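Chain residues, written in single-letter form:
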Amino acid sequence: MATIKIKQIRSRIGASADQKSTLLALGLRKISQVIEKEDTPDIRGMIRKVHHLVTVVE
């Protein structure tokens with residue numbers, strides 16, 4: 001299956017509790033950290049929830 005790279009671009013300070021837990025579930029803990037995940041609808045939904053804090057690196 002295809003993979004996508006996700007990069008945290010903004011701080012989670014000021015984000016709601018569910019957005020903070022979504023970042024942790026994705027594995028993002030620091031700004032500029034890049035992780036690689038499988039491209040599934042579940043992961044895409046998590047990215048959509050915190051779209052203002054992350055970017056997808058193609």
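Residues numbered from 1 in each chain as written. Predicted model: local features only at pLDDT ≥ 70, side-chain atom pairs only at ≥ 80, totals over all residues. Heavy atoms only, no water.

S.K.: Sorry if this is basic, but what is going on with the sheet that holds strand β3 (residues 54-57) here?
M.R.: Sheet strands pair by backbone hydrogen bonding; their relative direction is either parallel or antiparallel. Pairing in this open sheet of three strands is antiparallel, and the strands run β2-β1-β3 from one edge to the other. Of all the strands in the sheet, just β2 (34-38) and β3 have a single pairing partner and so form its edges. In this sheet, adjacent strand axes meet at a mean angle of 35° when their direction is disregarded. Seen against the sheet, helix α1 (residues 17-26) touches β1 (3-8), β2 and β3 and runs at an angle of roughly 80° to β2. (Pairing = 2+ DSSP bridges. Helix = DSSP H or I, 4+ residues; strand = E, 2+ residues; numbered from the N terminus. Axes fitted to C-alpha atoms, helices over the stretch in contact; angles between N-to-C directions. Contact = heavy atoms within 4.5 Å.)

S.K.: Help me understand the nonpolar core in this model?
M.R.: Judged by nonpolar contacts, Ile4, Ile6, Ala15, Leu23, Leu26, Leu28, Ile35, Ile43, Ile47, Val50, Leu53 and Val54 together constitute the single largest core of 12 residues. Taken together, the elements giving at least two residues each to this core come down to β1, α1 and α2 (41-49). Apart from residues lying up to four places away in sequence, Leu53 is in contact with Lys7, Gln8, Ile9, Arg10, Ser11, Ala15 and Leu23. (Core = buried A, V, L, I, M, F, W, Y, C linked by side-chain atoms within 4.5 Å. Buried < 20%, exposed > 50% of the residue type's maximum accessible area, 1.4 Å probe, protein only.)

S.K.: Which parts of the structure should I look at to understand α1?
M.R.: Turn by turn, an α-helix covers 3.6 residues, leaving residues three or four places apart pointing in a common direction. Taken as a whole, α1 has its buried residues at Gln19, Thr22, Leu23 and Leu26. Angular distribution of buried residues about the axis of α1 spans 100°; they occupy a single face of the element. Buried residues in α1 make contact with β1, β2, α2 and β3. Phi for Gly27, located one or two positions after α1, is positive at around 100°. (Arc of directions from axis to C-beta.)

Everything listed here is a matter of geometry and, on its own, says nothing about what the molecule does.
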